[in-house]
Amino acid sequence: MPGTLILGAQWGDEGKGKITDMLAAEADVVARYQGGDNAGHTVVVGGQTFRLHLVPSGILYPQVLCLLGNGMVINPRRLLAEIDELAGRGMDVSPSRLKISGQAHLIMPYHPVLDSASETSLGAGKIGTTGRGIGPAYTDKAARQGVRVQDMLRDDFRAHVRAAVQQKNIVLERLYGQPPLDAEAIAEEFAGHAERIRSYIADVSKLLDDAYRAGKRLLYEGAQGTLLDIDYGTYPYVTSSSPSAGGALTGLGIGPNRIDRIIAVAKAYQTRVGAGPFPTELCDLVGDMMVERGHEYGTTTGRRRRTGWLDLVTLRYAARVNGLQEIALTKLDVLSGLNQIKACVAYHWRGRELQDFPTDAEILAECQPVYVESDGWEEEISQVRTWEEMPEEAQAYVKLIEETVGLPVTMISVGPEREQIVRK
Ligand code: IMP
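What you are looking at is a predicted structure, and each value in this text was computed from that prediction instead of being measured.

J.: Is there a simple way to think about the overall build of the protein chain in this case?
T.: A count of helices and strands for the protein chain gives twelve helices and 20 strands. In terms of overall size, the protein chain behaves like a compact globule, its C-alpha atoms giving a radius of gyration of 21 Å where 424 residues would be expected to give roughly 22 Å. Dimensions of the protein chain, computed from the C-alpha atoms along their principal axes, are close to 65 × 50 × 40 Å. Every one of the 424 residues in the protein chain was classed for burial, and the buried ones make up 57%. If you take every contact in the protein chain between residues at least 6 apart in sequence, the share linking residues at least 24 apart comes to 76%. Summed over its atoms, the accessible surface of the protein chain is roughly 16,900 Å², and 49% of this surface lies on carbon and sulfur atoms. Positive and negative side-chain charges in the protein chain, numbering 45 and 55 respectively, have mean positions lying 5 Å apart.

J.: What's the story with the packing of helix α10 (residues 312-322) against helix α12 (residues 392-405) in this structure? I'm lost.
T.: The relative placement of two packed helices comes down to the angle between their axes together with the axis-to-axis distance. Between α10 and α12, whose axes approach to 9 Å, the crossing angle comes to 50°. Taken together, the axes of α10 and α12 are oblique relative to one another. Considering how the two elements wind past one another, α10 and α12 form a crossing that is right-handed. Between α10 and α12, the contacting residues are L312, L315, R316 and A319 on the first element and L400, I401, T404 and V405 on the second. Grouping the amino acids of the contact of α10 with α12 by side-chain chemistry returns six nonpolar, one polar and one charged.

J.: Honestly, a nonpolar patch on the surface in this entry has me stumped. Any pointers?
T.: Nonpolar side chains collect at one region of the surface, where I170, V171 and L175 lie side by side and expose about 250 Å² of accessible area between them. With respect to the helices and strands, the residue L175 is situated in helix α5 (residues 157-176).

J.: For this particular structure, what's the right way to read the side chain of R272?
T.: Position of R272 relative to the elements: it lies in strand β12 (residues 270-272). E281 provides the closest opposite charge to the buried, salt-bridge-free R272, at an N-O distance of 8.1 Å. Among the polar contacts listed, one links the side chain of R272 to the backbone oxygen of A275, at a separation of 3.2 Å. Here R272 is in contact with W11, L228, T234, Y237, P277, F278, R305 and R306, once residues within four sequence places are set aside.

J.: Can you help me understand the site of the ligand in this one?
T.: Contacts to the ligand come from 15 residues, most closely from D13, N38, T130, T239 and R303. Contact between the ligand and V273: an oxygen atom at 3.1 Å from a main-chain N or O atom of the residue. Between the ligand and R303, the relevant distance is 3.0 Å, taken from an oxygen atom to a side-chain nitrogen or oxygen of the residue. For the ligand, the accessible surface in isolation is 470 Å², of which the surrounding protein chains cover 96%. Looking at the shell around the ligand residue by residue, the class counts come to six nonpolar, seven polar and two charged.

J.: Looking at this model, I keep getting lost on the packing of helix α3 (residues 110-122) against α5. Mind explaining?
T.: Interhelical geometry of α3 versus α5 gives an angle of 15° and a closest axis separation of 11 Å. Relative to α5, the element α3 is oriented roughly parallel. Once α3 is placed against α5, the crossing between them reads as left-handed. Each of Y110, V113, L114, A117, S118 and S121 in α3 lies in contact with α5, whose residues at this interface are A164, V165, K168, V171, L172 and Y176.

J.: What exactly am I supposed to notice about the pattern of salt bridges here?
T.: Should their charged atoms come close, side chains of opposite charge can pair. Taken as a whole and assessed by the stated rule, the structure comprises 27 salt bridges. The partner of E189 in a salt bridge is R77, with the nearest N and O atoms 2.6 Å apart. One end of the pair, E189, is in helix α6 (residues 183-197); the other, R77, is in helix α2 (residues 76-88), and 112 residues separate them in sequence. Its relative accessible area of 40% is what places R77 among the partly exposed residues. Taking the shortest distance from any N to any O, the salt bridge between K206 and D210 comes out at 2.9 Å. Note that K206 and D210 are positioned in helix α7 (residues 204-213) at a spacing of four residues, about one turn of the helix.

Quick notes on the rules
Residues numbered from 1 in each chain as written. Predicted model: local features only at pLDDT ≥ 70, side-chain atom pairs only at ≥ 80, totals over all residues. Heavy atoms only, no water. Helix = DSSP H or I, 4+ residues; strand = E, 2+ residues; numbered from the N terminus. Rg over C-alpha atoms; globule rule 2.2 N^0.38 Å. Buried < 20%, exposed > 50% of the residue type's maximum accessible area, 1.4 Å probe, protein only. Contact = heavy atoms within 4.5 Å. Areas by Shrake-Rupley, 256 points an atom, 1.4 Å probe, with all protein chains shown as cover. Lys, Arg positive; Asp, Glu negative; His and termini not counted. Charge placed at Lys NZ, Arg CZ, Asp CG, Glu CD. Axes fitted to C-alpha atoms, helices over the stretch in contact; angles between N-to-C directions. Parallel < 35°, antiparallel > 145°, perpendicular 65-115°, else oblique. Left-handed = near helix turned anticlockwise from the far one by under 90°. Nonpolar A, V, L, I, M, F, W, Y, C, P; charged D, E, K, R; others polar. Patch = residues over 30% accessible without salt bridge, like charges linked within 9 Å, V, L, I, M, F, W, Y side chains within 5 Å. Salt bridge = Lys/Arg side-chain N within 4 Å of Asp/Glu carboxyl O. Polar contact = N/O pair within 3.5 Å; in protein donor to acceptor, adjacent residues only side chain to side chain. Near = heavy atom within 4 Å.

Okay, structure coming up:
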């Protein structure tokens, strides 16, 4: 702090929710900058599990102001459902604690329909999206056809929604052979959402500037991960936003000098949901063990995640494109009980050794991992709270990560609870 950026270094699901939750204890403002309800952040507090898709996990601390930035795409149905659920569990989710950028875009009911129609048309080449309409919403934003949150303040919002649905019905019917959506019913529903969301709408960039000038501690929270970034990820098997560091600037309306600490969250092994290359993927018992011990099922879709050994080539890449300063390593406890642990330090590709992450997903798909093997450890480490208590082999694994990536690992998470953390 005062400006800390926390983002995912891999293909999402690194455990950002838990690390953000920890850091939010010392923050005044937590702001999310991209994505939508494709994200799923799980936070466990006192045995209670919170699964958040849109609202920043900072909401669990009463002193924190939560902001949804302009870089996000927001499904009002889901946002209101999440607000209601949190309120039902005793949280204060009033407009004094949660603000939404008027410049963020709305996910309209036709976006998930277009998402699944597009996936179906891709057949075997499908991306494996979360089906939340993320890609089509960002497509409309770039095409300057989007509906923005601040449109909810317009007197003619109802007519505006009706016209947008009618326009998209042409695409649904003619391109995808889908039945048209009921424009009138959607306009009516969205007029109701506007009534409730109105009071949450704010100029998030301005709020952040005011907070910074007042000496407040700011936490910028990314969703998904660097390898799913629209520019730096394994395109086209990516999401449609910028989870990497640059996205925080454009997605919140802040300058680079408002970020002075950049932390990447990385899992102690590798996972991925959906399609796309994954050089260290394990389709064996060790991979199954990671799924079961690590509960590797999507928070949003429930899909089983693909698992594999930690890929340090991708972490070096994430360090470069994000200007990372430190790593928070999560789920190290999942690796307990393995005799040997592997970590990928380079790739073999067509007789050559690659040290750098290839920018072409087709090349990545042909890469074979070059592994360094180290001894595993038997002990359960979920009760460990200090570096000194960590088994020697676990320490050696962490040091290998630090040396190969060239960054310090400053936090190690050994379980889902807030206190299951080792600070180094
Ligand atoms: P979309 O974001 O729904 O368009 O999905 C595009 C790709 O990103 C798919 O491979 C999804 O599985 C992946 N993805 C999107 N959000 C998340 C996330 O929060 N965690 C992990 N993968 C995600």
